Amino acid sequence: LGERVPAITLVGTVPPVEADDDPAVVAALSPARQHFVELVAAVPADELATEMAPYLVPDPLDPALALEHVLEGTGPRGRAELDAVPGAAERLAAALVEAVAQGRNGLVHDVALALEPGLPLHAVTAQVRTVHGHDDGISPPAVGEWLAARLPSCTAEAVDGAIRRVRHLVAE
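On a predicted model such as this, the values are computed, not experimentally measured, just so you know.

About the cut-offs
Residue positions are counted from 1 within each chain, in the order its sequence is given. Reporting in this predicted model follows two pLDDT cut-offs: at least 70 for local features of residues, and 80 or more for side-chain atom pairs to be given and counted; totals over whole chains, interfaces and linings ignore these cut-offs and use all residues. Side-chain measures here rest on the full set of heavy atoms in the structure, leaving out hydrogens and waters. The criterion for strand pairing is that DSSP finds at least two bridges linking the strands in question. Secondary structure elements follow DSSP: runs of H or I no shorter than four residues count as helices, runs of E no shorter than two count as strands, and numbering proceeds from the N terminus. To obtain each axis, a line is fitted to C-alpha atoms, and for helices this fit is confined to the stretch in contact; angles are then taken between N-to-C directions over 0 to 180 degrees. When an angle is under 35 degrees it counts as roughly parallel; over 145 it counts as roughly antiparallel; between 65 and 115 it counts as roughly perpendicular; any other value is oblique. Handedness of a crossing is defined here by the sense of rotation of the near helix relative to the far one, left-handed for an anticlockwise turn of less than a right angle and right-handed for a clockwise turn. Throughout, a contact is declared for two residues whenever any of their heavy atoms are within 4.5 Å. In the scheme used here, Gly and all other residues not listed as nonpolar or charged are polar, with Ala, Val, Leu, Ile, Met, Phe, Trp, Tyr, Cys and Pro taken as nonpolar and Asp, Glu, Lys and Arg as charged. Criterion for a salt bridge: a side-chain nitrogen of Lys or Arg within 4 Å of a carboxyl oxygen of Asp or Glu. Throughout this description, buried means an accessible area under 20% of the type-specific maximum (1.4 Å probe, protein chains only), exposed means over 50%, and partly exposed covers the range between.

Chemist: Quick one: what's the story with the sheet that holds strand E3 (residues 154-159), residue by residue and with numbers?
Modeler: Strands sit in the order E1-E2-E3 across an open sheet of 3 strands; the sheet is parallel. Looking at which strands have only one partner, the edges of the open sheet turn out to be strand E1 (7-11) and E3. On average, each strand axis in the sheet is inclined to that of its neighbour by 15°, with strand direction left out of account. Direction of pairing for strand E2 (residues 127-133) relative to E3: parallel, over a ladder of 6 bridges.

If you want it as structure tokens, here you go:
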């Protein structure tokens with residue numbers, strides 16, 4: 001990756017499953033995300049991925065339902081962040097529709113892979129910057145610190161008052 005992509009920024013990225021073994025990371029997660037950590041430990045990855053897919057992306061999905069799904073999943077603070085960037089919610093909804101236009105098999109496969117341990121973080125040669133909002137219960141700053149300790153060339157940034165830092169993504 002480092003030869004083709006010299007640098008990457010991860011914004012509010014969901015941590016690799018290995019981070020679930022770190023008590024500091026788990027303690028920083030929202031109660032709902034902590035429950036998910038328990039499910040990952042109890043249910044095989046392929047089964048859990050199949051069960052999760054309809055919750056992650058409704059099926060069938062049209063643009064109106066995609067927009068509703070994006071907005072309902074953000075909560076009041078996330079909605080304020082989306083509202084601060086004209087068209088952000090609509091662009092996210094359109095991307096969601098496009099991502100599953102050919103079916104959900106790719107989503108299920110990707111989720112199952114994400115739930116399996118073994119991501120070779122030590123092999124990433126690109127410069128990595130992680131950005132995490134202090135109010136993000138899915139990917140709080142503890143996730144960035146965990147990643148920075150394992151990626152060879154990584155810095156972690158924590159943002160006060162942010163959930164997913166939508167404005168940061170669009171501004172840069």
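This is not the end of the story, as more comes after the structure.
Chemist: An account of the packing of helix H4 (residues 63-72) against helix H6 (residues 88-99) is requested, with residue identities and associated values reported.
Modeler: Following both chains from N to C, one finds H4 and H6 inclined at 120°, their axes separated by 8 Å at the closest point. On the basis of their axis angle, the class for H4 and H6 is oblique. In the packing of H4 onto H6, the handedness of the crossing is right-handed. Across the interface between the two elements, Pro63, Ala66, Leu67, His69, Val70 and Leu71 from H4 touch Ala89, Glu90, Leu92, Ala93, Leu96 and Val97 from H6. By residue class, the composition of the contact of H4 with H6 is 10 nonpolar, 1 polar and 1 charged.

Chemist: An account of the pattern of salt bridges is requested, with residue identities and associated values reported.
Modeler: Across all of its chains, the model carries 3 salt bridges by this definition. Notably, a salt bridge pairs Glu157 with Arg129, separated by 3.7 Å at the nearest N-O pair. With a gap of 28 residues between them, Glu157 in strand E3 and Arg129 in strand E2 connect regions that are remote in the sequence. Residue Glu157 is classed as partly exposed on the basis of its relative accessible area of 30%. The class for Arg129 is partly exposed, based on a relative accessible area of 24%.

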